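# Report on the structure
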Amino acid sequence: MEVAILICTYKRPIGFKKLVDSLAAMTIPPGVTPVLCIADNNPAPEIDGYIAEAMDSFPWAWHSVFETQRGYASARNASIELGLKVCAAGYFCMTDDDEVVPKNWLTDLMAGTKEFQAEVIVGAYGAANQSFAHGVPAQTATTGNVCFSHRLVSPYGLNLRFNQAFDEQGGEDRDFFERAYQHGARIVKIRGAHIVPHEPQLGGTIAESMAALRSRLLAIASLKRNAAAEHRKGFRMFRLGILLLASLLDLAKAGFLLLTGLIVRLFNYQKAKAEF
């Protein structure tokens, strides 16, 4: 049986490489043929850039597609369409390009579908010392660690897709699986397929915050130029104040993310130094 592994990538060359390496090292359960489907959602195609570099010598079949519409839902839908096109997948598994999967990831997810006869299996996610319940029913799921039946996305089944209204703010995954649940799909959480979050790559997030800041500052400059000529100067000044506040929040967010990244890196360095 073919199983489509769906991943989306956006400005995470380091995280993407770590994920791909972990997939390559993964144990493939008997009777399963994995096919990797990559949705490239970068501003410009990276199929000849960091994607090609990471996929060099990858041991099993893989395909990629460039999705021009920026956003979570659009990228995930592109990966689904690619999976439906390139293989006859019985199941689709999803994770993100800031994760690393364990060697037993696919084995545990597929075992969960058989053990609980569920159309959606949600793997454990969290710190290594956390304990997780096994076989617990759920009403939704996220895409960071999930496996679902082809019936959810097949044109001969539920034919579900992620709602593009969630492209910018996220939450598309919970909405998707809530609709699947409402259509009768059984969702079960398992203890296995445990993904432990690794050190986050903050560059893309910081870049997004700074891009938003630059956009708002340009809007502020435009408002200041035009405010004197406008009869509705009071309303313009109100908008100016809102944009200034939003800009300060963007700057604070970027600074916080940068500081968090530095602290994490320092902690990991000190830990590695102590172990050495």
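Description of the structure in this document. Since we're looking at a predicted model, the values are computed, not measured.

Procedures and definitions
- Residues numbered from 1 in each chain as written.
- Predicted model: local features only at pLDDT ≥ 70, side-chain atom pairs only at ≥ 80, totals over all residues.
- Heavy atoms only, no water.
- Helix = DSSP H or I, 4+ residues; strand = E, 2+ residues; numbered from the N terminus.
- Buried < 20%, exposed > 50% of the residue type's maximum accessible area, 1.4 Å probe, protein only.
- Contact = heavy atoms within 4.5 Å.
- Expected span 1.5 Å × (residues − 1).
- Arc of directions from axis to C-beta.
- Salt bridge = Lys/Arg side-chain N within 4 Å of Asp/Glu carboxyl O.
- Pairing = 2+ DSSP bridges.
- Right-handed = clockwise from strand over helix to strand, strands pointing away.
- Axes fitted to C-alpha atoms, helices over the stretch in contact; angles between N-to-C directions.
- Polar contact = N/O pair within 3.5 Å; in protein donor to acceptor, adjacent residues only side chain to side chain.

### Looking at the overall build of the protein chain
Counting its regular elements, the protein chain contains 7 helices and 8 strands. Taken over 276 residues, the protein chain has a buried fraction of 45%. Within the protein chain, residue pairs in contact and separated by at least 24 positions form 79% of the contacts whose partners lie at least 6 positions apart.

### Describing helix 1 (residues 13-24)
Three- or four-residue spacings in an α-helix give side chains the same orientation, since the helix completes a turn every 3.6 residues. Here helix 1 spans 16 Å end to end across 12 residues, near enough to the 16 Å set by a 1.5 Å rise per residue. Among the residues of helix 1, Gly-15, Phe-16, Leu-19, Val-20, Ser-22 and Leu-23 are the ones counted as buried. Within helix 1, the buried residues cover an arc of 160° as seen down the axis, which keeps them to one side. Taken together, the buried residues of helix 1 touch strand 1 (2-9), strand 2 (33-40), helix 2 (50-55), strand 4 (89-95) and helix 4 (105-116).

### A few points about the pattern of salt bridges
A side chain with one charge can pair with a side chain of the opposite charge if their charged atoms come near. Inspection of the entire model under this criterion finds 8 salt bridges. Asp-97 serves as the salt-bridge partner of Arg-12, at 2.9 Å between the closest nitrogen and oxygen. Placement of Arg-12 in the loop between strand 1 and helix 1 and of Asp-97 in the loop between strand 4 and helix 4 is noted, with a sequence separation of 85 residues between them. Using a relative accessible area of 3% as the deciding quantity, one classes Asp-97 as buried.

### Quick word on the pairing of strand 3 (residues 62-66)
Side chains on a regular strand alternate between the two faces of the sheet. Here 5 bridges tie strand 2 to strand 3, and the two strands are oriented parallel to one another. Its bridge partner lying in strand 3, Leu-36 is registered against Trp-62. A crossover links strand 2 with its parallel partner strand 3, the connecting element being helix 2, and its sense is right-handed.

### A few points about the sheet that holds strand 8 (residues 187-189)
In any sheet, the strands associate via hydrogen bonds between backbone groups, in a parallel or an antiparallel arrangement. The strand order across the open sheet formed by 8 strands is 3-2-1-4-7-5-8-6, and the pairing between neighbours is mixed. Bordering the open sheet on either side are strand 3 and strand 6 (136-138), each of which pairs with just one other strand. For this sheet, the mean inter-axis angle between neighbouring strands, taken without regard to orientation, is 25°. Judged from the 5 bridges that link them, strand 1 and strand 4 form a sheet pairing that is parallel.

### A word on the environment of Arg-161
Here Arg-161 lies in the loop between strand 7 (145-149) and helix 5 (172-182). As a C-alpha pair, Arg-161 and Ala-180 span 19 residues in sequence and 10.0 Å in three-dimensional space. If we skip the residues at most four places from it in the chain, Arg-161 touches Asn-77, Ile-80, Glu-81, Leu-84, Val-153, Phe-176 and Arg-179. A distance of 2.7 Å separates polar atoms of two side chains, one belonging to Arg-161 and the other to Glu-81.

### Digging into the side chain of Asn-41
On the secondary structure map, Asn-41 appears in the loop between strand 2 and helix 2. The class of Asn-41 is buried, set by a relative accessible area of 5%.

### Thoughts on the pairing of strand 4
Of all 7 residues that make up strand 4, 7 are buried, and the element is covered over most of its length. With 5 bridges joining them, strand 4 and strand 7 adopt antiparallel strand pairing. Among the inter-strand pairings, Phe-92 is bridged to a residue of strand 7, identified as Phe-148.

### Details of helix 4
Taking 1.5 Å of rise per residue, the 12 residues of helix 4 would be expected to cover 16 Å, and the 17 Å separating its terminal C-alpha atoms lies within 8% of that figure. Regarding helix 4, the residues found buried are Trp-105, Leu-106, Asp-108, Leu-109, Met-110, Gly-112, Thr-113 and Phe-116.

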